[in-house]
Amino acid sequence: MSSTTQKLIIETARQEFAERGYGATSIRDIARRSGMSLSALYHYYPGKQELLRAIIDEGMDEYFHSCDQALEQAGDDPAERLAALVEATVRFRAEHPAKSSITITEQRSLEPEHLAAYEARIAGATQQWAGIIQAGLDQGVFTTPHPDDARRAVIAMCNAVAQWYRPGGELGEDDLVERYVSLALTIVEYRPRGVVRRPAR
C-alpha cells in the first residue's frame, strides 16, 4: 500500500470535511478532488467512515505526541506542567486548524465502535489535565474551589483557538501562548511560589 497515495487521500478528505463537513461530502467528491477513480480510492479505504476515523486518529496521534513532548520537558511543578500543556495545545490548534477542528467537531459523525475508541482516548487526555490541576491543589499552588469547571474552561478555550486564530494577524503565536498560559493560571487561581518557567523551544 502506497503511503504517498494514502497521504494524498487523507489530506484531500480532510480538506473536504473541513470545508463542507462530513455529512455534505461524498466519497465521489474525495475521489474527484484527489484525481483518483472511485475503485482506486476504495482499494485504500472502503468508505467515508474509515477515512474519517483515519483522519481523526492521525490528528489525535500528532496532538498527543506534542503534549507528551512538552510534559517531558516541563519538570514536576504543577504550574509549569499546566503551562506546558496549554502551550502545546494552543500551538497545535493554531498551526493545525483543520486537523483540530475535524477531531473536535466531527467525532459526532463516528459510528458507535469508532466513537467508543475516540471517547476512550479523550478520557485519557482529560485525566492528564485533571491530574495536573489536582497536583497543584494538593501542593497548595492552585486554589480554585471548582477544579472540574476550571479544567473544562481551560480545555475549551485552548481548543477554540482552531476556530478563530489565523497566522499573520495582529496577535502572534508566541503572544497568544503567553496570553493563554496567563488565563489558564488565573482560572486555576494560581498562587505562585516562584517564577513559572516553560522549556525553551
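- In the nomenclature of an unreviewed UniProt entry, the protein chain is known as TetR/AcrR family transcriptional regulator of Kitasatospora saccharophila.

## Side note on the overall build of the protein chain
Working step 1: Looking only at helices and strands, one finds 10 helices and zero strands in the protein chain.
Working step 2: When its C-alpha atoms are laid out on the principal axes, the protein chain stretches across 60 × 40 × 30 Å.
Working step 3: In the protein chain, buried positions account for 44% of the 201 residues.
Working step 4: For the protein chain, the share of sequence-separated contacts (at least 6 apart) that also reach a separation of at least 24 residues comes to 69%.
Working step 5: With the model as given, the accessible surface of the protein chain reaches about 10,300 Å², and the carbon-plus-sulfur share is 50%.
Working step 6: For the protein chain, the distance from the average position of its 23 positive side-chain charges to the average position of its 29 negative side-chain charges is 3 Å.

## Regarding helix H7 (residues 112-139)
Working step 1: The end-to-end C-alpha distance of H7, which contains 28 residues, comes to 40 Å, matching closely the 40 Å that a straight helix rising 1.5 Å per residue would cover.
Working step 2: Taken together, the buried positions of H7 are His114, Tyr118, Ala125, Trp129, Ile132, Ile133 and Gly136.
Working step 3: Each element contacted by the buried residues of H7 is listed here: helix H4 (48-72), helix H5 (78-95), helix H6 (97-105) and helix H8 (147-159).
Working step 4: Once H7 ends, the next one or two residues include Gly140, with phi positive near 80°.

## Quick notes on the UniProt feature "domain: HTH tetR-type" (unreviewed entry) in the protein chain
Working step 1: The feature "domain: HTH tetR-type" (unreviewed entry), as annotated in UniProt, sits at residues 3-63 in this numbering.
Working step 2: End-to-end, the C-alpha atoms of residues 3-63 are 21 Å apart, and along that stretch the chain is 80% helix and 0% strand.

## Considering the nonpolar core
Working step 1: Ranked by size, the top nonpolar core spans 58 residues in total, and within it Leu51, Leu82, Val86 and Phe142 carry the most contacts.
Working step 2: Of all the elements in the fold, those that place two or more residues in this core are helix H1 (3-20), helix H2 (27-34), helix H3 (38-44), H4, H5, H7, H8 and helix H10 (173-187).

## What to know about the packing of aromatic side chains
Working step 1: Throughout the structure, instances matching the rule amount to five aromatic pairs.
Working step 2: On the numbers, 5.5 Å between centres and 45° between planes, the contact of Tyr63 with Phe64 is tilted. Phe64 carries the same exposure label as Tyr63, and that label is buried.
Working step 3: Each ring, one from Phe142 and one from Tyr190, has its centre 6.1 Å from the other, and the planes form 75°; the classification is edge-to-face. Taken as a pair, Phe142 in the loop between H7 and H8 and Tyr190 in the segment after H10 lie far apart in primary sequence, 48 residues in all. Across the pair, Tyr190 and Phe142 agree in class, each one buried.
Working step 4: What links up through ring pairs into an aromatic cluster is the set Tyr63, Phe64 and Phe92.
Working step 5: One Lys or Arg, Lys48, reaches over the ring of Tyr22 and ends 4.3 Å from the middle of that ring.
Working step 6: Note that Arg93 overlies the ring of Tyr63, its terminal NZ or CZ placed 4.3 Å from the centroid.

Definitions and cut-offs
- Residues numbered from 1 in each chain as written.
- Predicted model: local features only at pLDDT ≥ 70, side-chain atom pairs only at ≥ 80, totals over all residues.
- Heavy atoms only, no water.
- Helix = DSSP H or I, 4+ residues; strand = E, 2+ residues; numbered from the N terminus.
- Buried < 20%, exposed > 50% of the residue type's maximum accessible area, 1.4 Å probe, protein only.
- Contact = heavy atoms within 4.5 Å.
- Areas by Shrake-Rupley, 256 points an atom, 1.4 Å probe, with all protein chains shown as cover.
- Lys, Arg positive; Asp, Glu negative; His and termini not counted.
- Charge placed at Lys NZ, Arg CZ, Asp CG, Glu CD.
- Expected span 1.5 Å × (residues − 1).
- UniProt positions renumbered as here; feature names shortened; annotations may be inferred.
- Core = buried A, V, L, I, M, F, W, Y, C linked by side-chain atoms within 4.5 Å.
- Phe/Tyr/Trp six-rings, centres within 6.5 Å; stacked < 30°, edge-to-face > 60°.
- Lys NZ or Arg CZ within 6 Å of the ring centre and 35° of its normal.

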